[in-house]
Amino acid sequence: MANVQERFEQFIALCSEEYLTTHANKGLYKRAVKEIEKGTTVHYEFSDEYVSCTLDDGTLCQLQDRIDAFSCSCPSDNICKHVLIAILYYTQTEELVTEERKGDFTWLLALSTEDISKHFSEAQLDEVLFRLHYSEEIEIRESGFLAIKLKEQHIEVTFEEEASLGSSTCSCKAKESCIHRLEALLRYRLAYHVTDMPVMKADVNVSMDVVEDCKRILTEIISFGLAKLPQGICNRLEVLAIAAHNGNLPNLERGIRGLNGELDLFFKRHVRFSKETFLRRLTETYVSIIALEKELPVEQMKQVIGRFKSKYYTIPRLELYALGANPWETRSGYRGITYYFYAPEEKQIYTYTDARPVYYEDARFRFTEQYRKTAAWSGGMTMHDVSKSHIMLRNCKVNHEQRLSASEETLVSILERQNIEDVQVGPYLVTDWRQMTTGVSRNLFESKRDEVRLLQAKKIKDIRFEQATQNLLLTVEDKHGNTLDLTIAYTEEWADRIRYLEKSRELWDLRDFYITIQRYGTAYYPISFLKGAMLTNIKLDV
């Protein structure tokens, strides 16, 4: 094994200006160069473990053969100008053999997933595995060390030839393993087609007693039928929902609560009760119970169980094309506006929701005020502008359900908005409406998301107000002559808008346009009209 001086000189030979400025900064590097030009000198002594570097002002640095293995008698905890002076002075005063060579870094590709996992925390693994779903250009430089630059994040990670993750360094200055080191490693492996990823450990311990109780009550509902169900069934469902919460079964809790809400509408003979919606909820919940009873792979079991609180992860950038904004209010006393976007690179629909409870005294949520309010991201745009724009978010937070989080650390900037006719929205675009009437299948293990589609419409064929349901129905027609009824539900809040839309000549005159719609059960609710680069939010703009 090479002695300290040999290893130190091998390290010094790698310390180019780019390498040093990446792990310190350009200003500090220039100060060190100027100090040497002014006549600063350094005396070196080699021990068995490190190199003692004494500057002529009495400052003592101890260096080894890695950029992050140093100490200095000055107060700085990070790389200081004294460390840089000690490195640079050695390169200028000693004759070093600095032959150009590339190291052997195949050990990074040969690492097992277990070796990788033990160097990082569960939270780091979780976040980086999520971030890998998003593109990030990397720059790879090989010499005596391997440098991997995450270009969007302006972070550089270096690995030595020594087969040790512990010897890696990161320009974020973290002393211990950081997520950048893990992300750089995994992206490097993917660049060389090594797709083995660390496996997250999962907590799949759930209460099977609760699962059995839920199965029993759902079987009763199926056996009795709606007509013979006692009203006391709602109380039993509420107790089971609480038990599901305590038994670590978030998706089952939501399913039971959804059934309870539908049955409450049924017993009240409410016009909004839908047998189709009730049957769909009942079927989905029962099938998930059957799945919980089986021995599924860990990842599938995690998806069946669900999460109580969604985790948000920071990603460097996200390009979004706005599809519209939809105000809503729940029977439980919440109001909000959900904004819909299409991400061209990820080919996914993303949402951002501004919501709050209004059942507290003096609590309020006025849709028009919130719509015109400055966005909860840096950049100064209002949500009105965001809902009609083509934007770029940097340093934004996203969860597994493609929901965006409010964060002042997120910067929003506006891009030139394309015409909707030129945007490739993939499976979200429906050009033949016969596809809509056949229903939408969903994998049991797929996350439930807002069922949003973009319709390509020819014209509006009919507008009528239904007295029985208090809904405004827009009958729209596609280029094949197929028709579809879109529902605008009546509430006192939107009474004036509905009356305006019922008599609007502008709606009758629309031709060859697009409609963002949301589907609940068998009903379709319009959110916005789009044509060219223009967008109109039906409730908020009309």
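The structure we're discussing is the one just above.
Once a new chain begins, its residue numbering starts again from 1 and follows that chain's sequence as written. pLDDT decides what is reported in this predicted model: residues at 70 or higher carry local features, side-chain atom pairs at 80 or more are listed and counted, and totals for whole chains, interfaces and linings draw on all residues regardless. Side-chain calculation: all heavy atoms of the structure are included, whereas hydrogens and water are not.

**Brief notes about the pattern of salt bridges**
And then number 1: Salt bridge, as applied in this entry: a Lys or Arg side-chain nitrogen positioned within 4 Å of an Asp or Glu carboxyl oxygen. Taken as a whole and judged by the stated rule, the model has 33 salt bridges.
And then number 2: With a closest N to O distance of 3.9 Å, Glu477 and Lys461 form a salt bridge. Of this pair, Glu477 sits in strand 16 (residues 471-477) while Lys461 sits in strand 15 (residues 452-466); the two residues are 16 residues apart in sequence, bridging distant segments of the chain.
And then number 3: Here the term buried applies to any residue with accessible area under 20% of the maximum for its type, exposed to any over 50%, and partly exposed to those in between, with areas from a 1.4 Å probe on protein chains only. Glu477 gets classed as buried once you look at its relative accessible area, which sits at 14%.
And then number 4: Among the residues examined, Lys461 registers a relative accessible area of 48% and is labelled partly exposed.
And then number 5: We note a salt bridge from Asp496 to Arg499, for which the minimum N-O separation is 2.5 Å. Helix and strand labels come from DSSP, where a helix needs a run of H or I of at least four residues and a strand needs a run of E of at least two; each type is numbered from the N terminus.

**Let's talk about helix 1 (residues 4-13)**
And then number 1: Taken together, the buried positions of helix 1 are occupied by Val4, Phe8, Phe11 and Ile12. Seen from one end, helix 1 has its buried residues packed into an arc of 100 degrees, which puts them on one side.
And then number 2: Residue contacts are defined here by distance: any two heavy atoms, one from each residue, within 4.5 Å place the two residues in contact. Its buried side turned inward, helix 1 meets helix 2 (17-23), strand 1 (42-46), strand 2 (51-55), strand 3 (60-63) and helix 4 (81-93).
And then number 3: Counting of polar contacts relies on pairs of N or O atoms within 3.5 Å, with two restrictions inside protein: one atom must be capable of donating a hydrogen and the other of accepting it, and residues adjacent in sequence are counted only when both atoms are side-chain atoms. Of the residues that open helix 1, the one with a side-chain oxygen 3.2 Å from the backbone nitrogen of Gln5 is Asn3. Read the arc as the range of directions from the helix axis to the C-beta atoms.

**Describing the packing of helix 3 (residues 26-37) against helix 4**
And then number 1: Between helix 3 and helix 4, whose axes approach to 9 Å, the crossing angle comes to 55 degrees. Considered as vectors, helix 3 and helix 4 are oriented oblique to each other. Along this stretch, helix 3 crosses helix 4, giving a crossing that reads as right-handed. Between helix 3 and helix 4, the contacting residues are Leu28, Tyr29, Arg31, Ala32, Val33, Glu35 and Ile36 on the first element and Lys81, Leu84, Ile85, Leu88, Tyr89 and Gln92 on the second.
And then number 2: Throughout this entry, Asp, Glu, Lys and Arg are counted as charged residues, while Ala, Val, Leu, Ile, Met, Phe, Trp, Tyr, Cys and Pro are counted as nonpolar. The remaining residues, Gly among them, count as polar. When its residues are assigned to classes, the contact of helix 3 with helix 4 shows nine nonpolar, one polar and three charged. Geometry is summarised by axes, namely lines fitted to C-alpha atoms with helices restricted to the contacting stretch, and by angles between N-to-C directions that run from 0 to 180 degrees. When an angle is under 35 degrees it counts as roughly parallel; over 145 it counts as roughly antiparallel; between 65 and 115 it counts as roughly perpendicular; any other value is oblique. Should the near helix be turned anticlockwise from the far one by less than a right angle, the crossing is termed left-handed; should it be turned clockwise, right-handed.

**Quick word on the nonpolar core**
And then number 1: By size, the foremost hydrophobic cluster in this structure holds 36 residues, and its most contacted members are Phe11, Leu20, Cys53, Leu63, Val83, Leu84 and Ile87.
And then number 2: For this core, the secondary-structure elements that each account for two or more residues are helix 1, helix 2, helix 3, strand 1, strand 2, strand 3, strand 4 (70-72) and helix 4.
And then number 3: With eight residues, helix 4 is the largest single contributor of residues to this core.
And then number 4: We define a nonpolar core as any set of buried Ala, Val, Leu, Ile, Met, Phe, Trp, Tyr and Cys residues linked to one another through side-chain atoms lying within 4.5 Å. Core analysis: the second largest hydrophobic core is formed by 31 residues, Leu237, Ala241, Leu282 and Ile305 among them.

**Here's the deal with the side chain of Thr475**
And then number 1: Within the secondary structure layout, Thr475 lies in strand 16.
And then number 2: Engagement of the side chain of Thr475 in a polar contact is seen with the side chain of Arg464, the distance being 2.9 Å.
And then number 3: Only 2.6 Å separates the side chain of Thr475 from the side chain of Asp485, close enough to count as a polar contact.
And then number 4: Not counting residues within four places of it along the chain, the set of residues in contact with Thr475 comprises Ile460, Lys461, Asp462, Arg464, Thr483, Leu484 and Asp485.

**Observations concerning a positive patch on the surface**
And then number 1: In this analysis, a patch consists of residues with relative accessible area above 30% that form no salt bridge, clustered at 9 Å for like charges and at 5 Å for the nonpolar side chains Val, Leu, Ile, Met, Phe, Trp and Tyr. Surface accessibility follows the Shrake-Rupley procedure with a 1.4 Å probe radius. Residue values consider only the protein chains on display as shielding. Neither His nor the chain ends contribute to the count of charged residues, in which Lys and Arg are positive and Asp and Glu negative. By convention, charge coordinates are those of NZ in Lys, CZ in Arg, CG in Asp, or CD in Glu. Together, Lys26, Lys30, Lys34 and Lys38 make up a region of like positive charge exposed at the surface.
And then number 2: Position of Lys38 relative to the elements: it lies in the loop between helix 3 and strand 1.
And then number 3: Among the residues examined, Lys38 registers a relative accessible area of 69% and is labelled exposed.

**Some words on the packing of aromatic side chains**
And then number 1: Pairs were defined over the aromatic rings of Phe, Tyr and Trp, the Trp ring being its six-membered one, requiring ring centres within 6.5 Å. Orientation was assigned from the angle between planes: stacked under 30 degrees, edge-to-face over 60, tilted for the rest. Scanning the model with the defined rule gives 19 aromatic pairs in all.
And then number 2: With a centroid separation of 6.0 Å and an interplanar angle of 70 degrees, the aromatic rings of Phe8 and Phe46 are classed as edge-to-face. Pair noted here: Phe8 is in helix 1 and Phe46 is in strand 1, with a separation of 38 residues, a long-range link.
And then number 3: In this structure Phe8 comes out as buried when scored by relative accessible area, which is 1%.
And then number 4: A relative accessible area of 32% means that Phe46 is categorised as partly exposed.
And then number 5: A ring pair is formed by Phe130 and Tyr134, whose centres lie 5.6 Å apart and whose planes are at 50 degrees; its orientation type is tilted.
And then number 6: A relative accessible area of 4% places Phe130 in the buried class.
And then number 7: Grouping aromatic residues by their ring pairs yields a cluster made of Phe8, Tyr44, Phe46, Tyr89 and Tyr90.
And then number 8: The side chain of Arg269 reaches across the aromatic face of Phe266, ending 5.2 Å from its centre.
And then number 9: Working rule: Lys NZ or Arg CZ, within 6 Å of ring centre, within 35 degrees of ring normal, means a charge sits over the ring. For the cation-ring pair, Arg417 lies above Tyr321, with the distance from its terminal atom to the ring centre recorded as 3.9 Å.

**Brief notes about the environment of Thr487**
And then number 1: Topologically, Thr487 is positioned in strand 17 (residues 483-489).
And then number 2: When its relative accessible area of 11% is taken as the criterion, Thr487 is described as buried.
And then number 3: The spatial distance from the C-alpha of Thr487 to the C-alpha of Pro526 is 6.9 Å, given a sequence separation of 39 residues.
And then number 4: When sequence neighbours within four positions are dropped, the list of residues in contact with Thr487 reads Asn471, Leu472, Leu473, Tyr524, Tyr525 and Pro526.

**A closer look at the packing of helix 9 (residues 208-224) against helix 12 (residues 275-292)**
Angle between the axes and distance between the axes are the two parameters that describe a pair of packed helices.
And then number 1: Axis separation between helix 9 and helix 12 bottoms out at 10 Å; the angle between their running directions is 145 degrees. Crossing of helix 9 over helix 12 shows left-handed handedness. Of helix 12, the residues touching helix 9 (which contributes Met208, Val211, Cys214, Lys215, Leu218, Thr219, Ile221 and Ile222) are Phe278, Leu282, Thr285, Tyr286, Ile289, Ile290 and Leu292.
And then number 2: For the contact of helix 9 with helix 12, a count of residues per class yields 12 nonpolar, two polar and one charged.

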